[in-house]
Amino acid sequence: MTTIVTGAAGFIGSHVAAALMARGEDVIGIDNLNHYYDPALKRARLSLLEENPQFTFVKLDIADRESIMALADRYPAIEAIVHLAAQAGVRHSLTAPFAYTESNVTGHLAILELGRRLPRLQHLVYASSSSVYGANSKLPFAVEDRVDTPVSLYAATKRAGELISYAYSHLYRIPTTGLRFFTVYGPWGRPDMAAYLFTEAILAGQPIRVFNNGDMRRDFTYIDDIVSGVLGVLDNPPAAARGEVPARVFNIGNHRAEPLLRFVSVLESAIGRKAQLIFEPMQPGDVKETFADIEAINRCCGFEPRVSIDDGLPRFVSWFRSYHGTDERVPMASAG
Ligand SMILES: NC(=O)c1ccc[n+]([C@@H]2O[C@H](COP(=O)([O-])OP(=O)(O)OC[C@H]3O[C@@H](n4cnc5c(N)ncnc54)[C@H](O)[C@@H]3O)[C@@H](O)[C@H]2O)c1
């Protein structure tokens with residue numbers, strides 16, 4: 001079985017690629033290694049993946065539609081796509097809006113067009129985001145809730161990806177599943193996200209900025225739970241029987257809304273140092289709380305998150321220390 005993983009040099013993509021290979025599959029990884037954050041971290045993830053002969057890397061921008069569609073002639077045996085490449089980050093979408101439409105709308109469409117051209121494709125699983133719930137106040141967020149009040153361009157492009165995918169599933173019978181990820185953290189995590197930013201600052205004796213005066217909650221999801229969820233979903237494509245459109249969307253979160261200040265205090269214990277907090281107002285584009293209803297993905301695919309922040313944050317800190325401090329190598333997590 002051969003699977004394309006887009007965003008393979010990214011945080012989630014590198015873990016998913018490693019887990020697919022751990023169960024014996026071949027992976028074609030696509031990434032443009034852009035500079036949104038330090039590409040050295042992307043290269044370090046890639047070099048671990050490239051130790052495995054089952055991995056092939058193709059450096060490509062998903063918005064380069066001709067090159068993306070040409071992959072169908074080069075690799076006609078592909079049976080699955082896990083599409084994770086995107087311009088991520090809510091705050092950056094305020095300053096670099098076109099990066100979001102290029103990668104998350106044009107690029108997403110190019111991946112669907114590739115899907116159309118692959119005769120053996122069984123399933124296309126792609127990343128959406130909890131941010132599509134925008135200003136919703138009903139908690140937990142459920143997939144049946146309305147999602148037409150995005151509060152950032154990032155969220156709007158992720159919702160656009162869901163709608164475009166539905167249209168392609170309807171028109172061309174491509175089985176698609178969108179996964180609304182809820183704040184993912186863990187080893188090899190993203191430098192623009194709280195776990196990384198806070199750990200870096202606490203270790204350097206620098207203050208950390210806490211928005212909405214600390215009155216925020218997030219459904220933090222550990223990377224190993226995400227990986228087993230992605231693989232479980234990939235193995236269960238939506239049925240196209242009885243004229244149904246083979247398209248669906250799931251939440252994938254931990255089903256716990258953790259107060260931000262508890263997150264900080266667990267991190268302080270893992271690091272062994274107190275944080276200096278600077279309380280700041282809510283940032284434009286941000287939401288106060290996220291909390292995932294995961295019943296649908298549990299029913300479909302047996303998804304059950306297992307790792308709380310009490311266990312996950314110490315594992316993140318230990319990776320952070322070894323990545324930045326010594327030459328000791330920390331392997332990718334693989335699906336449990
Ligand atoms: N990490 C989270 O908490 C989270 C939450 C919600 C949604 N998501 C979504 O999950 C997916 C993976 O996120 P991540 O945290 O691993 O982010 P990431 O930035 O680490 O990974 C994305 C990868 O895609 C690549 N990429 C970006 N634009 C590209 C393009 N045009 N062509 C080719 N490659 C491109 C980047 O170089 C990067 O390596 C993204 O779609 C993101 O929007 C993540």
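Scope of this entry: the structure provided in the associated data block.

Rules behind the numbers
- Residues numbered from 1 in each chain as written.
- Predicted model: local features only at pLDDT ≥ 70, side-chain atom pairs only at ≥ 80, totals over all residues.
- Heavy atoms only, no water.
- Patch = residues over 30% accessible without salt bridge, like charges linked within 9 Å, V, L, I, M, F, W, Y side chains within 5 Å.
- Areas by Shrake-Rupley, 256 points an atom, 1.4 Å probe, with all protein chains shown as cover.
- Salt bridge = Lys/Arg side-chain N within 4 Å of Asp/Glu carboxyl O.
- Lys, Arg positive; Asp, Glu negative; His and termini not counted.
- Charge placed at Lys NZ, Arg CZ, Asp CG, Glu CD.
- Helix = DSSP H or I, 4+ residues; strand = E, 2+ residues; numbered from the N terminus.
- Buried < 20%, exposed > 50% of the residue type's maximum accessible area, 1.4 Å probe, protein only.
- Phe/Tyr/Trp six-rings, centres within 6.5 Å; stacked < 30°, edge-to-face > 60°.
- Lys NZ or Arg CZ within 6 Å of the ring centre and 35° of its normal.

1. Concerning a negative patch on the surface
- Taken together, the side chains of D61, D64, E66 and E102 present a region of like negative charge at the surface.
- For E66, the position within the fold is in helix α3 (residues 65–74).
- According to the relative accessible area criterion, E66 is exposed, its value standing at 56%.

2. Here we look at the pattern of salt bridges
- Overall, the coordinates contain 18 salt bridges when judged by the stated rule.
- In this structure, the salt-bridge partner of R262 is D310, at a minimum N-O distance of 3.0 Å. Here R262, found in helix α8 (residues 260–271), pairs with D310, found in helix α10 (residues 309–325); they are 48 residues apart in sequence, far enough to count as distant.
- Connected through salt bridges with shared partners, the residues R23, E25 and D235 form a single ionic network.

3. A short note on the packing of aromatic side chains
- Applying the stated criterion to the full structure yields 19 aromatic pairs.
- Taken together, the aromatic side chains of W188, Y196, F316, W319, F320 and Y323 make up a single cluster linked through ring pairs.
- Between the NZ or CZ atom of K42 and the centre of the ring of Y37, over which it lies, the distance is 4.6 Å.
- A cation sits over an aromatic face here: R116 above Y172, 4.0 Å from the ring centre.

4. Brief notes about unusual backbone geometry
- Cis peptide bonds are those with omega within 30 degrees of zero, and the linkage from L139 to P140 qualifies with -10°.
- Along the chain, P140 turns up in the loop between β5 (123–129) and α5 (153–172).
- One non-glycine residue, T183, adopts positive backbone phi at about 20°.
- Positionally, T183 belongs in the loop between β6 (176–181) and β7 (184–185).
- Positive phi, normally seen in glycine, also occurs at N213, with a value near 50°.
- Take N213: it is sitting in the loop between β8 (208–210) and β9 (217–218).

Keep in mind these values describe shape, not function.
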